[in-house]
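Chain residues, written in single-letter form:
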Amino acid sequence: MALRKNDVGTFLRWTVYEGAPVDVSAATKKQVKIIRPDATQLTKNLVFSTKSSDKGNGTDGRVEYVTITGDLNQKGTYQWALYFEMPGWTGNGLAGTFVVEDVLF
């Protein structure tokens, strides 16, 4: 499914891997840092994924964020990076990009 400009309620989900899913259940801070096409930045708090097949406790490495009004307010390529603070480790995890398409009408 394509992401569209001004989408609200879209689930952005990630699984943290390091050869296998990483247990992030002890994370005291879970965030996604997003850079929009115009270089403005967002930092959003993540929650453990509650997708029906998931445990929802972070042991499977799954986290998610649900977009709100204003998050996807531009068309183009967005950059993202996951950030965690956990006992014994703090730092950026996965990183990548996604594309937001313009509204067709």
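Scroll up to find the structure.
Residues numbered from 1 in each chain as written. Predicted model: local features only at pLDDT ≥ 70, side-chain atom pairs only at ≥ 80, totals over all residues. Heavy atoms only, no water.

Right, let's talk about the packing of aromatic side chains for a bit. A full pass over the atoms with the stated rule returns two aromatic pairs. For K30, the ring lying beneath its charged end belongs to F48, and the centroid distance is 4.4 Å. Between K33 and the ring centre of Y83, over which it is positioned, the NZ or CZ distance is 4.3 Å. (Phe/Tyr/Trp six-rings, centres within 6.5 Å; stacked < 30°, edge-to-face > 60°. Lys NZ or Arg CZ within 6 Å of the ring centre and 35° of its normal.)

Examined bridge by bridge, strand β1 (residues 3-4) and strand β8 (residues 89-101) share two bridges and lie parallel to one another. Looking across to β8, one finds that R4 is bridged to E101. Counting the residues that bridge the hairpin from strand β7 (residues 76-86) to β8 gives two residues, and of these G88 lies at a positive phi of roughly 85 degrees. (Pairing = 2+ DSSP bridges. Helix = DSSP H or I, 4+ residues; strand = E, 2+ residues; numbered from the N terminus.)

Turning our eyes to something else, we now look at the nonpolar core. In this structure, W14, V63, L82 and F84 are the most contacted members of the largest nonpolar core, which totals 21 residues. Every element with two or more residues in this core is listed here: β2 (11-15), β3 (29-35), β6 (62-66), β7 and β8. Examining the composition of this core, we find that five residues originate from one element, β7, more than from any other. Leave out the neighbours within four places in its chain, and L82 touches W14, V16, Q31, V32, L46, V63, G91, N92, G93 and L94. (Core = buried A, V, L, I, M, F, W, Y, C linked by side-chain atoms within 4.5 Å. Buried < 20%, exposed > 50% of the residue type's maximum accessible area, 1.4 Å probe, protein only. Contact = heavy atoms within 4.5 Å.)

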